[in-house]
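Per-entry structural report
Residues per chain are reported as follows:
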Amino acid sequence: MPDKKPFQRLPLDACPVNYSIRLQPNLKSFTFEGSEEIQVKVGKPLSSITLNCCDIDVKEASYQGDGASDKIKGEISYTKENEIVTFTFPSEIQPGNGTLSVSFSGELNDKMKGFYRSKYTSPEGEERFGAVTQFEATDARRAFPCWDEPAVKATFDVTLVVPKDRVALSNMPVVSEVPMEGDTNWKVMTYDRTPVMSTYLLAFVVGEYDYVEGKDADGVLVRVYTPVGKKAQGQFGLDVAVKTLPFYKDYFQIAYPLPKMDLIAIADFAAGAMENWGLVTYRETALLIDPTTSSANTRQWVALVVGHEIAHQWFGNLVTMEWWTHLWLNEGFASWIEYLCVDHCFPEFDIWTQFVNQDLGRALELDALHNSHPIEVPVGHPDEVDEIFDAISYSKGASVIRMLHDYVGDEDFRKGMNQYLTKFQYSNAFTEDLWDALGKASGKPVQNVMSTWTQQMGFPVIKVEEKQEGDNRVLTLTQQKFCADGQLPEGCNSKWLTPITICTSNSPKAPVKRILMEDIETTVTMENVKPGDWVKLNSGTVGVYRVQYTPDSLEAMISAVRERTLPPRDRLGLQSDLFALARAGMVSSVDAFKVAGAFVNEDNYTVWTDLSGSLGGQGLLLQYTDADKDYKNFCLNLYRKVYESLGWDAKDGESPLNAMLRDLVLTKMGRCGDSDVVAEANKRFDAHLSGATPLLANLRSSVYITVLANGNEDTFNRMIKLYDAADMQEERVRISRSLGSIKSPELKKKVLEFAMSDKVRSQDTVFVIAGITGSVEGREIAWQFVQDRWADLHDRYKGGFLLSRLVKTTTENFVTEDKAVEIENFFKEHPAPAAERTIQQSCENIRLNAKWMKRDSAAVTEFLKNQKY
């Protein structure tokens, strides 16, 4: 890693108690004027006060002690690289209370951080701008000088001066709205005082919006703000929020602390959403649902994101991490409980099975790399914060909390959570504070167990040896760190305190034994397990570990997969572990393909999703061999049965999961070039374009990808036309992310130009570029493009997580050492600190691919060529 920048937190000899802020954004010149009066508590005699400040021009600063008759004016000096401003006073400020008054101006930037401008189109088609905020992690300092650290909490009185025909919102309800003296084109909006809170959770939005509203069971007013004329698209999000607030109130046994909860869709937005207290901001695609054109996938995504952000209102906002080192606790916790909440509100999504694929799966994949990092990363300089908004903080964080919840039990977990939130409300906490509360509530060694999961990187693979002794099965379990390349680093002696659950063919759905594995090796005796019965570790795939069985043990479980007597989460975990072990060279890849063949009767959407991901990973590598066609035939044969049972058209009353499975299967078969699927997709696409039979939302993605993957320039142009005509952001994202499936290299280059054009929102560009990387040629074109346009791309995304996403998707699937070196050299010459770790992870992945090619590609090619269907 590069040398960390020296960093010191702000001195706290002067601390804010209350900020009274007045801001006037100018939506034409993209600037704002501001003033603030900060009630300050001074602890010792001071000659200067230092605050955070970035891209703000301070005009004047003065201090007046309570009871003093005069203001003393400060001299203003900036330290740009540390984002601070210091006010130095001619005479010493004495301990006690006083007021720091500051006037300043700033820019409404176009970088989607701080106080920034967001472009939208009015119902009449006119281009307009609003002003919105995104302060996490360290960008409140771009809107007003402040102590911009999560532990320096204060109350806020906000006043916004805005054009009279605009909606203006902040965290709290409006207490007064009056025309501005001297210029009635403006109005002055004053908002109620906030609770004691961190700066990163403050928010302001100025723009044009409609809203739908409702009240939750406890009388909290909930509103969803939508673009003008799109009120109906806010209804689903409103229903979710109205159900979710009382769910969390009951779960934590603490009432929601604010009088209102606003959810608002923002046109230009870098993340998915942001949990500002009482005013949660979302990308349009994470909040708006059109009753006719939104797919089941999008509904589920909106439900999860709303569940995630509302959980933060307690966990993060009421109790906040003491410093960014503990960010994972905020995000990991919210990423776990969003599933609990959606499972409660929408049991039909079988969402916990999807957790195993979406969160646990992503975490295990990244965390097996030598360039991973522990969940808890010491963060100093704010530049380092962006980098830890990754799958380790969110997905591994959520996965270890799920394992902990299972280990502690729901009742004690809730008891501990309530004690933690009550003790630290309106203040800050460290990770250890939560372990302490859960340990006290459950009487279990939570602190000892969890520190092995959060303070060291990686996770174990548990190897299982079995021996039959009469009617008993004796298992010998050994643990070692699982490494993506199968090679333990020199001197590695990591071990984990691992909660292990075991189920058997007599009790496939519930564990018959639970142990805490504390040593490198342990022996477990399973009573009444007859010869021929299977035994499986990690019941429900709740544990954050992989399992390696002997070939005989695996063989015993294959029929349970084929007959589906093993529950879905266990079927999913079994093949996921096997493909990961095969990639690491610990088992044969041919064996993994053989086990994949046993899933021919599979009917579970999430199991198929995960298996498709496992096979797809192998498919990317096989593109570099002459087995690409044979691989596609293997997939077509595997999917044929589920395709025939689902067909193209929804059955009456089918579950949303079947709709999602149909989309998955058709997409896979379309990409693999199945002639029936391609013909039907083209037929339906033509009928959709002519207006004869519009495509249902749940079929659009698979049809678009299929016609593009098998299409020509005419197809491409028709798709762009469809994009231009689309009104719904969800549809535009669906089309733009599919465009890269087109085969022609010339058209792939057109996709890249399209991605950079102003037809595509900056936040979506990265995903459109990623769309072309699914083929050998596409990968080369995308990587060349990133190098050619690096200056533009870096300027657009530097310091944000979208840069890491761009680097990852355009580099990680190459397969040669030469390519890894080329990528490393490029980034030596063009440093990208926020993506540093991602670059290392990508190059590690490329080297893993190269190893696999050498070791396994010939055997897998041979196996696929010899398949008879």
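Throughout what follows, the structure given in this document is the object of discussion.

In terms of nonpolar packing, the biggest core is built from 293 residues, with L100, F144, W147 and Y420 touching the most fellow members. Ranked by residue count, the leading element in this core is helix α3 (residues 327-345), at 12 residues. Discounting chain neighbours no more than four positions away, the residues touching F144 are Y19, I21, E36, N52, I56, F104, F135, F156, L202 and F204.

The full count for this structure, using the stated rule, is 48 aromatic pairs. A centroid spacing of 5.9 Å and a plane angle of 80° characterise the contact between F135 and F204, whose relative ring orientation is edge-to-face. Here F135, found in the loop between β10 (127-134) and β11 (155-163), pairs with F204, found in strand β15 (residues 204-207); they are 69 residues apart in sequence, far enough to count as distant. Comparing F135 with F204, the two get one shared label, buried. Between W352 and F355 the ring centres are 5.4 Å apart and the planes differ by 55°, which places this aromatic pair in the tilted class. Residue W352 and its partner F355 are located together in helix α4 (residues 351-367), separated by 3 residues, close to a single helical turn. The two residues W352 and F355 agree in class, both being buried.

This brings us to the sheet that holds strand β14 (residues 186-191). With respect to topology, 8 strands assemble into an open sheet ordered β5-β4-β8-β2-β1-β11-β14-β13, the strand pairing being mixed. Two strands lie at the open edges of the sheet, namely β5 (72-73) and β13 (174-179), each paired on one side alone. The sheet contact formed by strand β1 (residues 14-26) and β11 spans 6 bridges and is parallel. Bridged to Y19 within β11 is F156.

Turning next to the sheet that holds strand β27 (residues 521-526). One open sheet accounts for 4 strands, arranged β27-β24-β23-β29; its pairing is mixed. With one partner strand each, in any of the chains shown, β27 and β29 (546-548) form the two edges of the open sheet. On average, each strand axis in the sheet is tilted by 30° relative to the strand beside it, whichever way the strands run.

On to the pattern of salt bridges, then. Taken as a whole, this structure holds 62 salt bridges when the rule is applied. The shortest N-O distance in the salt bridge between D110 and K111 comes to 3.5 Å. The partner of D157 in a salt bridge is R193, and the shortest N-O contact between them spans 2.8 Å. In this pair, D157 is assigned in strand β11 and R193 in the loop between β14 and β15, connecting sequence segments 36 residues apart. In this structure D157 comes out as buried when scored by relative accessible area, which is 17%. For R193, a relative accessible area of 45% translates into the label partly exposed.

Attention now moves to helix α12 (residues 605-622). In an α-helix, one turn spans 3.6 residues; hence positions three or four apart end up facing the same way. For α12, spanning 18 residues, the distance from its first C-alpha to its last is 25 Å, which sits close to the expected 26 Å at 1.5 Å a residue. For α12, the buried fraction is high: 14 of the 18 residues fall into the buried class. The N-cap of α12, judged by a side-chain oxygen 2.8 Å from the amide nitrogen of T606 a few residues on, is N604.

Position of F389 among the secondary structure elements: in the loop between α4 and α5 (391-408). Owing to a relative accessible area of 19%, F389 belongs among the buried residues under this scheme. With near-sequence residues (within four places) excluded, F389 lies in contact with E136, A137, L327, E331 and Y394.

With that settled, the discussion passes to helix α16 (residues 697-709). The end-to-end C-alpha distance of α16 is 19 Å, a good match for the 18 Å that 13 residues give at a rise of 1.5 Å each. Within α16, 11 of the 13 residues are buried, which leaves the element mostly enclosed by the surrounding structure. Inspection of α16 places A697, L699, R700, S702, V703, Y704, I705, T706, V707, L708 and A709 among the buried residues, and these make up the whole buried set. Considering only its buried residues, α16 is in contact with α14 (656-671), α15 (675-690), α17 (713-725) and α18 (729-738).

What counts and how
Residues numbered from 1 in each chain as written. Predicted model: local features only at pLDDT ≥ 70, side-chain atom pairs only at ≥ 80, totals over all residues. Heavy atoms only, no water. Core = buried A, V, L, I, M, F, W, Y, C linked by side-chain atoms within 4.5 Å. Buried < 20%, exposed > 50% of the residue type's maximum accessible area, 1.4 Å probe, protein only. Helix = DSSP H or I, 4+ residues; strand = E, 2+ residues; numbered from the N terminus. Contact = heavy atoms within 4.5 Å. Phe/Tyr/Trp six-rings, centres within 6.5 Å; stacked < 30°, edge-to-face > 60°. Pairing = 2+ DSSP bridges. Axes fitted to C-alpha atoms, helices over the stretch in contact; angles between N-to-C directions. Salt bridge = Lys/Arg side-chain N within 4 Å of Asp/Glu carboxyl O. Expected span 1.5 Å × (residues − 1). Polar contact = N/O pair within 3.5 Å; in protein donor to acceptor, adjacent residues only side chain to side chain.

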